[in-house]
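Structure assessment
Each chain, letter by letter, is given below.
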Amino acid sequence: MHAHNPYLPELATIQEVIQETHNIRTLRVTLDDAEKMRDFTFRPGQVGQLSVFGVGESTFVINSPPTRKDYLQFSVMRVGEVTQRIHQLNAGDQIGVRAPLGNGFRYEDMKGKDILFIGGGIGMAPLRTLLLYMIDNRSDYGDITVIYGARSPKDLCYLYEFEEWRAGNINLVLTVDAEFPGWNERVGFVPTVLKEEAPSPKNRLALVCGPPIMIKFVLFGLKELDFEDHQILSTLEKRMKCGIGICGRCNMGSKYVCLDGPVFSYSELREMVPEM
Amino acid sequence: MSGKAFIPRDSLGAALDRLSKKIEVWVPAMSEEGRWGVEFLPYRPGMRPVLDRQSTLSPKRVVFPQMETLLRFEYIKDPDDPAKVKFRLDDGQEVKPQFVFGARPCDVRGFFTFDRVFTEGPFVDGYYRNRRASTLFATLVCGEGDAACFCSSVGSGPADQAGSDLWVTPVDGGYVVEALSERGREYVALLGDAPSELQEAAARKVQEEAAQQQVGDPDLVKSAPSFRGRFEDLDYWRSMVSQCLGCGVCTYVCPTCYCFTITDEGKDLKGERLRSWDSCMFAQYTSEASGHNPRPTKLERYRNRVGHKFSYFPEKYDGMIACCGCGRCIRSCPVSIDIRKVVQELKEKANACA
Ligand SMILES: Cc1cc2nc3c(=O)[nH]c(=O)nc-3n(C[C@H](O)[C@H](O)[C@H](O)COP(=O)(O)OP(=O)(O)OC[C@H]3O[C@@H](n4cnc5c(N)ncnc54)[C@H](O)[C@@H]3O)c2cc1C
Ligand code: FES
């Protein structure tokens, strides 16, 4: 096939694997074609389709920022066939990558604003890319608060870089669902902690990602704090195949999560058919 | 070259024989096992095309095969360390010129939906584009249609030439063929001698009559904008789909349904990534890891199908309806769900409530 075939993955090699939690692993990969790796550009929030040849493809956020290009990072929660196989891969193994896909965050429009990240579980992955981007351009943004929760301390990803986040002048609020020996941070569900923190909506954007039930209650919380729909952004997750707006799978009405998303504001979501 | 030919009815086989020596020809014919009734098959000498009624399956598969290879992969093992494996990928596609004889205007129009999605978006599907570009259509001028036809409702009609390369008009004793495109003209002489004036006049008459035909309610799509207002009227959708078996045949026979899945198949040290037709009427189509499914029952799935064709698609593609009015979903549905009625009543009932 000539020209650019959007179904054809680039071959890439895993440089490093990090076991984040019992069911989440992070892969750091580089494209085998050095020139393509050098020229690879993307925006925070864009995704990639990872291929395990013979098993299939699945969608994952590129959770490293475009400001750090030594490798592309993906964090993968084991839920099914492809993710199971990805968890069996090691440094040196080859995989396929189709990226970047999707819209990503409009970080240009966020300059000068205060930012509130709210992440739950694996939902921290799409936020991490933007968070690191902002740390690397720290003076462009005002207050940055991160509320990140998981079931238990063992279910938190990226533990090894919390120090770096805090050093980057990030107000990091960590919480777990229940008391845990040795845990000195907050205890309680993310929506509850949000209420306690009560960040002001003035000149602020809230970026929310996590399990549907968390999102639902976080939204209530943000509304109570007087956040408006256009100030709230989230990334949607739908089952995907092609990732390029053709196979028809990921639609919500006339919008395709793979092309028009995965990042949507709540004012955009309100316009769409209610089919979450 | 006159750009016109006459094929006597009893010489159709000979004409297709000549044609098939130059190009791969597809004709509507009874499927071998008779399982699907009439479908488009590669022409072989001796085959009898069925031209007196609409085919059960549209020629969708000629351009968009039910299954096709997107890429081949090969495992390259490191001779020094059998645990180390690299991959070699190959996305080569072989495309032959092909000629569809005996499609109908609705069949050809079906591909317009595909064209928008596969070739006009930010990403171009080369597999589709290449096959589409190398396929010619010799289209039959259609008649009044049957009880399920509604091409005039969606902006087409029995004499709609859009998308066709040749025009085939049935007249007494045979077919008058006429080139509509430059590439179609190349094949005219191969099909037969120039028609007589009488034959040409007869063809014109058939075409004029076809152009007069009103097949289906011309106001049908006026109801389509009521879709959004009706979206959350679950009683409406329940009443429309209560009998639906979720079999997916409506999507299978549909000339505009293009949804597909992608799967890998491997054997030994080789494998393929395949693209196959899928159906939004199946539960697995949207089911997610958590067990959550945004379209959990046939109600949401059927609503999405109707919405896609009559609301979402026009919203995205300047008003274009993703339905060609062929009526196949109506004819094939085991419980006789009629999409015309579903669309029509979007508005009627809305008015009744207001
Ligand atoms: C835009 C986007 C970004 C994503 N980012 C990440 C990420 O950074 N990290 C991460 O771990 N996961 C992410 N996901 C989810 C991930 O794509 C799925 O978990 C994965 O595809 C499951 O593949 P599998 O083959 O292991 O599961 P399968 O064996 O295919 O299926 C197992 C179960 O998962 C369901 N499933 C399949 N695909 C999806 C899907 N895309 N979303 C929800 N359920 C699905 C199946 O219906 C089935 O119930 C993202 C999804 C989207 C759409
Ligand atoms: S994943 Fe194919 S259209 Fe979005």
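Here, residues in each chain are numbered from 1, in the same order as that chain's written sequence. Here chains are named by letter from A upward and ligands by number from 1 upward, in the order in which they appear as written. The predicted origin of the model limits local features to residues at a pLDDT of at least 70 and limits the giving and counting of side-chain atom pairs to 80 or more, whereas totals for whole chains, interfaces and linings rest on all residues. The basis for the side-chain values is all heavy atoms of the structure; hydrogens and waters are excluded.

**Some remarks on the domain arrangement of chain A**
Residue and element names in this part refer to chain A. Where each domain begins and ends follows an automated or database-derived domain assignment. Here chain A is partitioned into domain 1 (10-101) and domain 2 (107-235). Taking only C-alpha atoms into account, the centre of domain 1 sits 24 Å from that of domain 2. Should any heavy atoms of two residues lie within 4.5 Å, those residues are counted as being in contact. Taken residue by residue, the interface counts 21 residues in domain 1 and 20 residues in domain 2. A quick way to say it: buried area is the sum, across both parts, of accessible area lost when two parts are put together, with a 1.4 Å probe. Summed over both sides, the interface between domain 1 and domain 2 buries roughly 1600 Å², with carbon and sulfur atoms accounting for 55% of that surface. It is Glu 20, Pro 44 and Arg 68 that lose the most area in domain 1 upon contact with domain 2, and together they represent 30% of the buried surface on that side. The term salt bridge refers to a side-chain nitrogen of Lys or Arg lying within 4 Å of a carboxyl oxygen of Asp or Glu. Linking domain 1 with domain 2 are three salt bridges, by the criterion used here. Close ionic contact of Arg 43 with Glu 108 constitutes a salt bridge, the shortest N to O distance being 2.7 Å. Identification of polar contacts relies on pairs of N or O atoms within 3.5 Å, with a donor-acceptor requirement for protein atoms, meaning one able to donate a hydrogen and the other able to accept it, and with residues adjacent in sequence counted only if both atoms are side-chain atoms. Between the two partners, domain 1 and domain 2, sit 11 residue pairs in polar contact (both at pLDDT 80 or more). Runs of E in the DSSP output that reach at least two residues are strands. Runs of H or I that reach at least four are helices, and both are numbered from the N terminus. Breaking the side of domain 1 that touches domain 2 down by element, the ones donating at least two residues are β2 (24-31) and β5 (72-77).

**Some thoughts on the packing of helix α3 (residues 105-119) of chain B against helix α4 (residues 126-133) of chain B**
Residues and elements named next belong to chain B. Simply put, an axis is a line fit to the C-alpha atoms, just over the touching stretch for a helix, and the angle between two N-to-C directions goes from 0 to 180 degrees. Across the interface, α3 lies against α4 with an axial gap of 9 Å and an inter-helix angle of 135 degrees. By the angle class used here, α3 and α4 are oblique. You can see that α3 and α4 cross each other, and the crossing is left-handed. In this structure, α3 contributes Phe 111, Phe 112, Phe 114, Asp 115, Phe 118 and Thr 119 to the contact, and α4 contributes Tyr 128, Arg 129 and Arg 132. In this classification, Asp, Glu, Lys and Arg are treated as charged, Ala, Val, Leu, Ile, Met, Phe, Trp, Tyr, Cys and Pro as nonpolar, and every other residue, Gly included, as polar. Considering only residue class, the contact of α3 with α4 consists of five nonpolar, one polar and three charged. In what follows, roughly perpendicular refers to angles from 65 to 115 degrees, roughly parallel to angles under 35, roughly antiparallel to angles over 145, and oblique to any angle outside these ranges. Each crossing gets its hand from how the near helix is turned against the far one by less than a right angle, where anticlockwise is left-handed and clockwise is right-handed.

**Comments concerning the layout of surface pockets**
Residue and element names in this part refer to chain B. Approximately 480 Å³ is the volume found for the second largest pocket. Using a grid of 1 Å spacing that covers the protein atoms alone, one calls a set of points a cavity when a 1.4 Å probe fits there but cannot get out, and a pocket when the set is open and has protein on both sides within 12 Å along at least five of seven lines; lining residues are those with an atom within 4 Å of a point. Lining the second largest pocket are 26 residues, and of these Leu 51, Asp 52, Arg 53, Gln 54 and Arg 104 lie nearest its centre. In terms of residue class, the lining of the second largest pocket is built from 11 nonpolar, seven polar and eight charged. Grid points are joined across faces, edges and corners, and a volume is the space filled by probe spheres set on the points.

**Quick word on the pairing of β5 of chain A**
Residue and element names in this part refer to chain A. Across the six residues that make up β5, a large majority, five, are buried. When DSSP finds at least two bridges between two strands, those strands are taken to pair. Summarising the sheet, β2 and β5 pair through six bridges and their orientation is antiparallel. Looking across to β5, one finds that Val 29 is bridged to Leu 72. Throughout this description, buried means an accessible area under 20% of the type-specific maximum (1.4 Å probe, protein chains only), exposed means over 50%, and partly exposed covers the range between.

**Some remarks on the sheet that holds strand β8 (residues 166-171) of chain B**
Residues and elements named next belong to chain B. Ordered in space as β1-β9-β8-β7-β6-β2-β3, the seven strands form an open sheet in which the pairing is mixed. Edge positions in the open sheet fall to β1 (4-8) and β3 (38-42), since each of these has one partner strand only. Taking the axes of each pair of neighbouring strands and ignoring which way they run, one obtains an average angle of 25 degrees across the sheet. By the bridge criterion, six bridges tie β8 to strand β9 (residues 174-179) in an arrangement that is antiparallel. In the strand pairing of β9, Trp 167 is matched with Glu 178.

**Side note on the pattern of salt bridges**
Think of it this way: side chains of opposite charge can pair up when their charged atoms draw near. All names here are of chain B. With the rule as written, the count across this model stands at 47 salt bridges over all chains. A salt bridge links Arg 275 to Asp 125; the shortest N-O distance between them is 3.1 Å. Within this pair, whereas Arg 275 is found in strand β11 (residues 270-277), its partner Asp 125 is found in the loop between α3 and α4, the two being separated by 150 residues in sequence. For the pair Arg 275 and Asp 125, one class covers both residues: buried.

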